Amino acid sequence: GTDMKKLLAMFLSLGLVLSGCSSNPKHLPVVSVAQLVSHPSLNLIRDNFKKEMKKKGYEDGKNIIFHYADASGQVANLNSIINQFEDQQSDVIVAIATPTAQMAARAAKETPVVFSAVSDPVGAQLVRDIKHPGGNITGTSDEVQVDQILELAKEITPDMKTVGFLYNASETNSVSNLQKAKAYCKAHGLNLIEGTGKDITELTTSASVLTQKVDVILAPNDNTVASAMQSLSKTCIEAGIPFYVGADSMVKDGGLATVGIDYAQLGKETADMVVDILHGKKAGDIPVKVYKKDLYIYVNKKTLHALGLTLPESIQNNKKLQLMGED
Ligand code: TRP
């Protein structure tokens, strides 16, 4: 029994060493990128990261090794992905979105971590101070402009009195935005009702329940909601409820409107940070980059018409308006 175990352990470690050697014989720097789910916004960040690294002269297999992994929406998978990244002797781990970053943070003792698109890095307990992260972690943040989205909602749907807030309660990023929405509603005499769900099925049920009670629904840039947009936007349109969302991709996927950043920028900035670290800079010395300038108004024309709504002139004439959804 014990001999067998010893032999097995030897065999396994040999296997690891061998695969380590053969995959990186030239000892190239290794950059490993983890993502919880594959949804359009996160893919856009990843793809722009790739593009920017290439532009900076990094070519996979030639002067760098990239690993990309996607946890298919299962937080449990993230754990083994991070373990694997550590085994692969990564020089930098890139973690896209909050749940991934929270899981990757424990690797930061050994390996520098650069997070990307984390809405609230302090609330998610990744860093204590945006300007001076300290430790071995930094990254980029896509702060959601909840107030501006609700201002836009008041312009497009001025009669709204009750807002339904749809999210996955286990996403810290969404909980932060819920607090902002509550504060806004309180200050503007609006009611807020929460609806939660941890997957497509639960969220769709919550959305249908909300449509019976509210005038509009608002979802922040919640990863679970973003992955369920096809179903959720259909539910809202069929119930005649305007569905305001927290990201451009969610408007593209049928949400009515948002105010927010262009996510392509984030991937680029993430690449800048990774290169600085590869050149010897300490992650903790690089301030977190928060994107809250250069905001656009995104409106889905098809959804707008399906709901029988029209845009007020002030929005129609706004230079920052980007129309999505073919008619
Ligand atoms: N900000 C999200 C987070 O902190 C990740 C994210 C980026 C996102 N873009 C998005 C989520 C678009 C939903 C839709 O986890």
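Please refer to the structure placed before this passage.
Residues numbered from 1 in each chain as written. Predicted model: local features only at pLDDT ≥ 70, side-chain atom pairs only at ≥ 80, totals over all residues. Heavy atoms only, no water.

**Q** Honestly, the site of the ligand in this entry has me stumped. Any pointers?
**A** Thr98, Ala117, Ser119, Asp142 and Asn223 are the nearest of the 18 residues found near the ligand. Here a nitrogen atom of the ligand and a side-chain polar atom of Asn221 are 3.2 Å apart. If the ligand stood free it would expose 360 Å²; the protein chains cover 100% of that surface. Here the shell around the ligand is built from residues that sort into 9 nonpolar, 7 polar and 2 charged. (Near = heavy atom within 4 Å. Polar contact = N/O pair within 3.5 Å; in protein donor to acceptor, adjacent residues only side chain to side chain. Areas by Shrake-Rupley, 256 points an atom, 1.4 Å probe, with all protein chains shown as cover. Nonpolar A, V, L, I, M, F, W, Y, C, P; charged D, E, K, R; others polar.)

**Q** When you look at the packing of aromatic side chains in this model, what are you seeing that I'm missing?
**A** What characterises a pair of aromatic rings is the spacing of the ring centres plus the angle enclosed by the ring planes. The tally for this structure, following the rule as stated, stands at 4 aromatic pairs. With a centroid separation of 6.3 Å and an interplanar angle of 80°, the aromatic rings of Phe49 and Phe66 are classed as edge-to-face. With Phe49 in helix α2 (residues 40-55) and Phe66 in strand β2 (residues 65-70), this residue pair connects regions lying 17 residues apart in the sequence. Note on accessibility: Phe49 and Phe66 belong to one class, buried. Taken together, Phe49, Phe66 and Tyr68 form an aromatic cluster joined through their ring pairs. Its guanidinium or amino end placed over the ring of Tyr291, Lys289 lies 5.3 Å from that ring's centre, counting from NZ or CZ. Over the ring of Tyr296 we find Lys320; its NZ or CZ atom is 5.0 Å from the centre of that ring. (Phe/Tyr/Trp six-rings, centres within 6.5 Å; stacked < 30°, edge-to-face > 60°. Helix = DSSP H or I, 4+ residues; strand = E, 2+ residues; numbered from the N terminus. Buried < 20%, exposed > 50% of the residue type's maximum accessible area, 1.4 Å probe, protein only. Lys NZ or Arg CZ within 6 Å of the ring centre and 35° of its normal.)

**Q** I tried to follow the sheet that holds strand β5 (residues 137-141) on my own but got confused; where do I start?
**A** Backbone-to-backbone hydrogen bonds join strands into a sheet, with any given pair of strands oriented parallel or antiparallel. Read from one edge of the open sheet, 6 strands run β2-β1-β3-β4-β5-β11, paired in parallel fashion. Of all strands in the sheet, those with a lone pairing partner are β2 and β11 (289-290), marking the two edges. (Pairing = 2+ DSSP bridges.)

**Q** Would you explain the environment of Gln148 in this entry?
**A** By secondary structure assignment, the location of Gln148 is in helix α5 (residues 146-156). The spatial distance from the C-alpha of Gln148 to the C-alpha of Ser176 is 16 Å, given a sequence separation of 28 residues.

**Q** What exactly am I supposed to notice about helix α9 (residues 229-239) here?
**A** Each α-helix turn comprises 3.6 residues. Residues three or four places apart therefore point the same way. All of the buried residues along α9 are Met229, Leu232, Ser233, Thr235 and Cys236. One face of α9 carries all of its buried residues, which in axial projection span an arc of 155°. More than 90 degrees from the buried face of α9, the exposed residues found are Gln230, Lys234 and Glu238. In this structure, the buried residues of α9 make contact with β6 (162-167), α7 (200-211), β8 (216-218), α8 (223-227), β9 (243-244) and α10 (248-252). Immediately downstream of α9, the backbone of Gly240 shows phi near 70°, a positive value. (Arc of directions from axis to C-beta. Contact = heavy atoms within 4.5 Å.)

**Q** Please explain the packing of α5 against helix α6 (residues 172-187) as it appears in this structure.
**A** Between two packed helices, both the angle of their axes relative to each other and the distance between the axes serve to describe the pair. One can describe the packing of α5 onto α6 by two numbers: an axis separation of 9 Å at closest approach and a directional angle of 50°. Taken together, the axes of α5 and α6 are oblique relative to one another. Between α5 and α6 lies a crossing of right-handed hand. Seen from α5, the contacting residues are Val146, Asp147, Leu150, Glu151 and Lys154; seen from α6, they are Asn177, Lys180, Ala181 and Tyr184. The residue makeup of the contact of α5 with α6, split by class, is 4 nonpolar, 1 polar and 4 charged. (Axes fitted to C-alpha atoms, helices over the stretch in contact; angles between N-to-C directions. Parallel < 35°, antiparallel > 145°, perpendicular 65-115°, else oblique. Left-handed = near helix turned anticlockwise from the far one by under 90°.)

**Q** What's the story with the packing of α7 against α9 in this structure? I'm lost.
**A** Packing of α7 against α9 brings their axes to within 9 Å, and their N-to-C directions diverge by 20°. Judged by the inter-axis angle, α7 sits roughly parallel to α9. Between α7 and α9 the crossing geometry is right-handed. Contacts from Leu203, Thr204, Ala207, Ser208 and Thr211 in α7 reach Ser231, Leu232, Thr235 and Ala239 in α9. Here the residues of the contact of α7 with α9 are counted per class, giving 4 nonpolar, 5 polar and no charged.

**Q** Quick question: what am I supposed to make of the nonpolar core here?
**A** Nonpolar side chains tend toward joint burial in soluble globular proteins. In terms of nonpolar packing, the biggest core is built from 102 residues, with Phe49, Met53, Leu166, Leu218, Phe243 and Tyr244 touching the most fellow members. Filtering out sequence-adjacent residues up to four positions away, Leu166 remains in contact with Gly195, Leu203, Ser206, Ala207, Leu210, Ile217, Leu218, Ala219, Pro220, Val225, Leu232 and Phe243. (Core = buried A, V, L, I, M, F, W, Y, C linked by side-chain atoms within 4.5 Å.)

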